[in-house]
Structure formats: structure tokens, C-alpha cells
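Listed here are the chains, written in short residue letters.
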Amino acid sequence: MLIRKEAVDIFKNISKVSVLFIMIILIMSACSSARTGSTTVSSLPDTEVSSYNGQKLSPISDLLDVSISGPQKIDINTYKLKIDGLVETPTDFTYDQVLSNTKYSKVVTINCVEGWSAKILWEGILLKDLFDKVKVKDTANTVIFYCVDGFTTSLPLKTILDGSIMIAYKINGEILPAQDGYPFMLVAENKLGYKWAKWIVRIELSDKSGYTGYWESRGYSNDANVTN
Ligand SMILES: Nc1nc2c(c(=O)[nH]1)N[C@H]1C(S)=C(S)[C@@H](COP(=O)(O)O)O[C@H]1N2
Ligand SMILES: [Mo]
């Protein structure tokens, strides 16, 4: 009898201990799966920056692709940026040659006539630095941008030089995605979206100040000033 009672007590204690043990195991595994969960999330490649110098940026996904023939794919191994026209030394620059110039960062908002806008951190090269290399002739007053999809647009040379206008190779800290103009997009500050040429392959220095690009020749203002 006595032995049996002791045995029952021991059994009760063992079962209490094992219930406790099982609970601890459950709690630990719950914690560790939560930890694994957060490790998985934070290890995802998310390098896009969301603010810069205290300014809140729009996500890259706010840039809507409204291009005339959809996103273009450019093979960077054969890519050349041609700068010609009214210059002393017309030159085909490789991607790396363009990127060997001083890089600048600036937060600028792009406004499309379709009614959306996005405040983005642009990183790029000043057109002035490229123009210095090809030596622009005095007769040039207009810069025409040619894109791989057949899109064109232009800006006055003075606007580009006075405004320190650049071509971007990165947005929000990331290499330009294909749909946003990889490898280079014109950061046409203070101008409407249709001046922001994407997939630029050629830049012509010209004296045709009345040149009208794709949207400009379809009725959109050639000044394209953002008014708000
Ligand atoms: N090559 C090319 N560039 C282009 C266009 C285009 O159709 N082709 N569309 C323009 C217009 S109308 C706008 S609003 C912006 C949009 O740029 P995003 O795709 O980075 O938002 O690209 C501009 N650059
Ligand atoms: Mo646009």
C-alpha cells in the first residue's frame, strides 16, 4: 500500500515535471520560429532607401511606366552612349566610361501629365562633364536625346548647363531598373515627365532650337515647365 502511494506520488511529480518540460519546449520552439521568421524577412535584398537628408522619398514602385513601347532591355556589354552633332570630338562612351565621371545625388520630383508624381533620390553624372569631354561648339543651343524605343525629346543647352542637369544611373540607391530607363535616364528637373528620356542611346548637340520630340510634336508644350 505504502509503496503504491509513494509510486503514485512519484508518478504525479514526474507528470508535473514533464508537463512543465513540454511547455518550455513549446515556448522555446515558438520563440525560435519567430526568430527564424524575422531573420528570413531581414535577409531579403531590400536596399532601396526611403529617406534622404531628412526628406521622405517615394518608393521606386511609384514611378509608373507610361512609355510608348513598354520597358526596354539593353545589353550593357554592347551599350554605347553616343554624343555627337555640334561637337569637336564625337564620342561613343561605354557604360563604365560614363560612370568614371564625378557622381552626384539629388532629390527631385518627377511629374507626369497623367497626374502622378514621385519624389526620388537620383544619382548620376552631370551632362556638363560629358559635354566638356566632346567639346561643344559655340553654335550649339539645343540638346536632343534619342532613346532605344525611338522616343526623342530635347532641352535648351542653357537649361542643362545652368540647371546642372544630370543623367541618372541609380534611383533610391539602386541601379536603374529596366522599366525606369536602364542604363541612363535624364533627370529633367522642373520639366514634365515627357522630358525625362529613358534608355538614352544618343545625345545630339544641335542648333535646331525649335526641335520637337515625340510628345512635343503631338501637341505637348516644348517648354514643359512644371507649374504648381
Ligand atoms: N524612352 C522613353 N523615355 C520616356 C518615355 C518613353 O515613352 N520612352 N516616357 C516619358 C514619360 S511621359 C514619363 S512620365 C516618364 C516616366 O518615367 P518612369 O517610367 O521612370 O516613371 O518617362 C519619360 N521617358
Ligand atoms: Mo509622362
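Residues numbered from 1 in each chain as written. Chains lettered and ligands numbered in written order. Predicted model: local features only at pLDDT ≥ 70, side-chain atom pairs only at ≥ 80, totals over all residues. Heavy atoms only, no water.

A. Highlighting the site of ligand 1. Neighbouring ligand 1 are 20 residues; L64, I68, D149, W196 and K198 lie closest to it. Take D149: an N or O atom from its side chain is 2.8 Å from a nitrogen atom of ligand 1. A distance of 2.3 Å separates an oxygen atom of ligand 1 from a polar side-chain atom of K198. For ligand 1, the accessible surface in isolation is 530 Å², of which the surrounding protein chains cover 98%. For the shell around ligand 1, the residue count by class is 13 nonpolar, three polar and four charged. (Near = heavy atom within 4 Å. Polar contact = N/O pair within 3.5 Å; in protein donor to acceptor, adjacent residues only side chain to side chain. Areas by Shrake-Rupley, 256 points an atom, 1.4 Å probe, with all protein chains shown as cover. Nonpolar A, V, L, I, M, F, W, Y, C, P; charged D, E, K, R; others polar.)

B. A look at the side chain of T152. Following the sequence through the fold, T152 ends up in strand 8 (residues 152-156). Judged by relative accessible area, T152 falls into the buried class, the value being 12%. A polar contact of 2.8 Å, which involves the side chain of T152, links it to the side chain of Y211. When residues no more than four places from it in sequence are discounted, the contact partners of T152 are F145, Y146, Y211, G213, Y214 and E216. (Helix = DSSP H or I, 4+ residues; strand = E, 2+ residues; numbered from the N terminus. Buried < 20%, exposed > 50% of the residue type's maximum accessible area, 1.4 Å probe, protein only. Contact = heavy atoms within 4.5 Å.)

C. Quick peek at the pattern of salt bridges. The tally for this structure, following the rule as stated, stands at eight salt bridges. The partner of K82 in a salt bridge is D92, and the shortest N-O contact between them spans 3.1 Å. Within this pair, whereas K82 is found in strand 3 (residues 81-85), its partner D92 is found in strand 4 (residues 91-93), the two being separated by 10 residues in sequence. Relative accessible area serves as the criterion here: at 34%, K82 is assigned to the partly exposed category. D92 gets classed as partly exposed once you look at its relative accessible area, which sits at 37%. Across the salt bridge formed by D162 and K158, the nearest N and O atoms sit 2.4 Å from each other. Of this pair, D162 and K158 both sit in helix 4 (residues 157-162), separated by four residues, roughly a single helical turn. The exposure class assigned to K158 is exposed, which follows from its relative accessible area of 59%. (Salt bridge = Lys/Arg side-chain N within 4 Å of Asp/Glu carboxyl O.)

D. Quick look at the packing of aromatic side chains. Following the criterion strictly, the structure yields eight aromatic pairs and no others. Note on W122 and W196: the rings are 5.0 Å apart at their centroids and 50 degrees apart in plane angle, and the pair reads as tilted. Separated by 74 residues along the polypeptide, W122 in strand 6 (residues 117-126) and W196 in the loop between strand 11 (185-187) and strand 12 (200-206) bring together distant segments of the chain. For W196, a relative accessible area of 2% translates into the label buried. By way of ring pairs, the aromatic residues F151, Y194, Y214, W215 and Y220 are connected into one cluster. Looking at R202, its charged tip hangs above the ring of Y146, at a distance of 4.4 Å from the centre. One cation-aromatic arrangement involves R218 over Y214; the distance from NZ or CZ to the ring centre is 3.6 Å. (Phe/Tyr/Trp six-rings, centres within 6.5 Å; stacked < 30°, edge-to-face > 60°. Lys NZ or Arg CZ within 6 Å of the ring centre and 35° of its normal.)

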